[in-house]
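# Residue-level structural notes
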There are 2 protein chains.
Amino acid sequence: MATEGAAEAQEPGRARPGGRTARVRAAVLQAAGDALAEHGFAYLDLGDIARRAEVGRTTVYRRWGTTTALVADLLVDMAEQSLPRTESGSLLGDLRANAHLVQRTLTDPRQGPLFKAVIAAATCDPDTAQALHRFYRTRIAEWAPCVTRAIERGELPEGTDPHEVIRAVSAPLYHRLLASGEPIDPAAADQAAAAAAAAARAGAYRLPHSPAPSSTAVGPAAAGHRPDGH
Amino acid sequence: MATEGAAEAQEPGRARPGGRTARVRAAVLQAAGDALAEHGFAYLDLGDIARRAEVGRTTVYRRWGTTTALVADLLVDMAEQSLPRTESGSLLGDLRANAHLVQRTLTDPRQGPLFKAVIAAATCDPDTAQALHRFYRTRIAEWAPCVTRAIERGELPEGTDPHEVIRAVSAPLYHRLLASGEPIDPAAADQAAAAAAAAARAGAYRLPHSPAPSSTAVGPAAAGHRPDGH
DNA sequence: CCACTAACGGGACTGAAGTTCCGTTAAGAT
DNA sequence: ATCTTAACGGAACTTCAGTCCCGTTAGTGG
C-alpha cells in the first residue's frame, strides 16, 4: 500500500522532481487548498485549479488526473507540516491544549472548510481515504506522548491506549463539524478534553489485552465493563 | 429558518403531492440511496438516478436540480423513518445498545457508504447540512430519554445534558468512519459507550449554567478517580 | 364524470469538463 | 557548456452533464 508500484514509478514528477516540477506542485496544492476552502469538494474543478496556480490545464490533468487524487497529494503535503506542541504538567492541561488547537483549526475560516472538503473527498476514493488516515495517524502520534507521560505519572491506568485518548478528544469536535452542527466553541473544546480525561481515568481506553487494573482502583465505569476479548 | 418560503411553495411536487408524484419521489430517493451507497457522492449524477428510478431525466432535474438538493430531500425522508429503541435498566446498558446500533449501521454494506456519502454532500451545501443536522437531532432525541432516566435514578449528576451524552457515544464511531479509519467493531462500540458513561458520571456533560454539584457528588467516578497512590 | 392544469418525459441543444496532439522549456547527466 | 528527454503548456477536439422545448399523462376540484 505504501511504496509505489511500477506503474506509478513512471508518473510525471518522479524522474525530475527538482526546480520547475516542485514549483508547479507547490502552486497547484496551494490553489487546490484555496479552492477547497472556498467552494467545497463538490465544486472542485481541475481547470479552475490550473488557472489559480497559473499552470497549464494539461499539466494538472496529467500529473493528478482526478480531484480525489489531487486531494490525496494535498494530504501527503499536509501531513509533512507538523505543528509545534506545547506541554503542560498535567493530562487535563495537555488534552485541553490539544482540544483548543483542534477547535481553532476547525473554526478557522480557511482550515475549517478545508478539512470538511478533504474529508468529503476521502469518502469518495480509497486512496484519498488512505492518505487521510495517514495524516491523522501522524497528527495523533505527535500528541500521544503526553498520554504516555500521564500513565507514567500514575494519572491513568496501565495499558491505556495513548492514541485512543487523543482521538477521543478530537472525535466530538469533528462530530460537531460534520454531523450535528453544534457550535465548535472553546466550551466544546473544554468539554471534549474533560470527557476524554475522565473516561481515560476510568479505564475506558485500556487495550483489550491489558493487565487487569487491580491496584489502580478506577471508577465504576471500569468495574461494570469487563472488556471481553471475545 | 426551516419553513418553506414563497419561492419554494411553487416548486413541483407541492400542488399535487398524491399518486404519481409520490411514487416518483419514492423511486428517485430509493435510486439515490442505492447510487450513493455504491459509488459515493462524487460520482453521483442525476441522469443515472433517473435511469435507475425509471423516470424521466427532466423530472429529476426539475424537482431537485442538484445532487446536494436531492441528498437533502433524502435526509428528510430518512429522518421520518425512526428506529425502534430498546430499554435496559442501566445507563451503560442503554448506551451500549445505542453504540451497537450505530456500529451495525456504519458497518452495514449499504448504510455505511450511504452515511459517508450523505455527510460528504452536507459539507458541500448549507441546505443539505441543515437537513443532516435535523436528521441527527431527531435520532439523538429518540435516545435522550434513557439519559434523563439515569439522571432521575441518580446515576448521573443533575444538569447533565442528555443529548450531549448520546452524541458522545456516536462521535468516536463516526470519527473512525470518516477520519481515522480504525475498525468500527463491537469492541469499539463498547469502548464508546463505556467512555461516554464514565465521562457523564464524572460530570463532563453538565450544562455550563447548571447547579454546582456539591451534594450531587455522584459516587466514585467523580471523586474516586484521584490516583491516591499516584 | 369531465375539465383543468400540475407534473411527467422524450429529444434536441449547449457549454464546459476532460482528452489528445504536438511544439517548447528546462532539469539533470556527462 | 552541451545533450537528452522529462515535464510543461497552448489549442483543437470529444464527450456528456445539465438545460430547454413542447407534447403527453394523470391528479384534483367541481
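Criteria and cut-off values
- Residues numbered from 1 in each chain as written.
- Chains lettered and ligands numbered in written order.
- Predicted model: local features only at pLDDT ≥ 70, side-chain atom pairs only at ≥ 80, totals over all residues.
- Heavy atoms only, no water.
- Helix = DSSP H or I, 4+ residues; strand = E, 2+ residues; numbered from the N terminus.
- Buried < 20%, exposed > 50% of the residue type's maximum accessible area, 1.4 Å probe, protein only.
- Contact = heavy atoms within 4.5 Å.
- Areas by Shrake-Rupley, 256 points an atom, 1.4 Å probe, with all protein chains shown as cover.
- Buried area = accessible area lost by both parts, 1.4 Å probe.
- Salt bridge = Lys/Arg side-chain N within 4 Å of Asp/Glu carboxyl O.
- Polar contact = N/O pair within 3.5 Å; in protein donor to acceptor, adjacent residues only side chain to side chain.
- Axes fitted to C-alpha atoms, helices over the stretch in contact; angles between N-to-C directions.
- Parallel < 35°, antiparallel > 145°, perpendicular 65-115°, else oblique.
- Left-handed = near helix turned anticlockwise from the far one by under 90°.
- Nonpolar A, V, L, I, M, F, W, Y, C, P; charged D, E, K, R; others polar.
- Expected span 1.5 Å × (residues − 1).
- UniProt positions renumbered as here; feature names shortened; annotations may be inferred.
- Disulfide = S-S within 2.5 Å.
- Least-squares fit on C-alpha atoms with pLDDT ≥ 70 in both.

Counting its regular elements, chain A contains eleven helices and zero strands. The order of helices and strands in chain A, counted from the N terminus, is α-α-α-α-α-α-α-α-α-α-α. By residue count, 50% of the 230 residues in chain A fall in the buried class. Considering only residue pairs separated by 6 or more positions, chain A has 65% of its internal contacts joining residues 24 or more positions apart. Accessible area for chain A stands at about 10,800 Å²; split by element, carbon and sulfur atoms hold 52% of it.

In this section: the side chain of Thr68 of chain B. Tracing the sequence through the fold places Thr68 of chain B in helix H5 (residues 67-80). For Thr68 of chain B, a relative accessible area of 4% corresponds to the buried category. Once residues within four sequence positions are removed from consideration, Thr68 of chain B is found in contact with Tyr43 of chain A together with Phe41, Ala121, Cys124, Asp125 and Thr128 of chain B.

The next thing to look at is the interface of chain A and chain B. Counting residues at the interface gives 43 residues for chain A and 43 residues for chain B. Roughly 3,700 Å² is buried in total at the junction of chain A and chain B, and carbon and sulfur atoms are behind 65% of that figure. Counting the contacts that link chain A with chain B gives four salt bridges. Here chain A is connected to chain B by two residue pairs in polar contact (both at pLDDT 80 or more).

Residue and element names in this part refer to chain B. Running from N to C, H5 and helix H7 (residues 111-122) cross one another at 125°; their axes reach a closest spacing of 10 Å. What the angle tells us is that H5 and H7 run oblique. Two packed elements cross with a definite hand, and for H5 against H7 that hand is left-handed. Seen from H5, the contacting residues are Thr68, Val71, Leu74, Leu75 and Met78; seen from H7, they are Leu114, Phe115, Val118 and Ala121. Taken together, the residues of the contact of H5 with H7 sort by class into eight nonpolar, one polar and no charged.

Attention shifts here to helix H2 (residues 19-39) of chain A. All names here are of chain A. Given a rise of 1.5 Å per residue, 21 residues ought to cover 30 Å, and the 30 Å separating the end C-alpha atoms of H2 matches this to within 8%. Residues of H2 that are buried: Val24, Val28, Leu29, Ala31, Ala32, Gly33, Ala35, Leu36 and Ala37. Here the buried face of H2 lies against helix H3 (46-53), helix H4 (57-63), helix H5 (67-80) and helix H7 (111-122). In the stretch just after H2, Gly40 is the one whose phi turns positive, near 85°.

Here we take up the environment of Gly13 of chain A. Residues and elements named next belong to chain A. Structurally, Gly13 can be placed in the loop between helix H1 (6-9) and H2. With twelve residues separating them along the chain, Gly13 and Arg25 place their C-alpha atoms 8.7 Å apart. Those residues in contact with Gly13, other than ones at most four positions away along the chain, are Thr21 and Arg63.

Time to look at the UniProt feature "domain: HTH tetR-type" (unreviewed entry) in chain A. In this structure's numbering, the residues bearing the UniProt feature "domain: HTH tetR-type" (unreviewed entry) are residues 22-82 of chain A. Summarising residues 22-82 of chain A: 77% helix, 0% strand, and an end-to-end C-alpha distance of 20 Å.

A separate point is the side chain of Thr123 of chain B. With respect to the secondary-structure elements, Thr123 of chain B resides in the loop between H7 and helix H8 (126-152). Taking the relative accessible area as the measure of exposure, Thr123 of chain B reaches 17% and is therefore buried. A polar atom in the side chain of Thr123 of chain B sits 2.6 Å from the backbone oxygen of Ala120 of chain B. If we ignore the near neighbours within four places in the chain, the residues touching Thr123 of chain B are Lys116, Ala120 and Leu178 of chain A.

According to the stated counting rule, one finds zero disulfides over all chains in the structure shown. Free of any disulfide, Cys124 of chain A has its nearest neighbouring cysteine sulfur in Cys124 of chain B, separated by 8.1 Å.

On to the relation of the copies chain A and chain B, then. Relative to chain B, chain A is turned by 180° and slid 0.0 Å along the rotation axis, the superposed coordinates differing by an RMSD of 0.0 Å. When the rotation and shift are considered jointly, the pair of chain copies conforms to a two-fold rotation axis. For chain A, the minimum C-alpha distance to the rotation axis belongs to Ala120 of chain A and amounts to 2.2 Å. Interface overlap between copies: 86% of the residues of chain A at the interface are likewise at the interface in chain B, consistent with a symmetric, same-surface contact.

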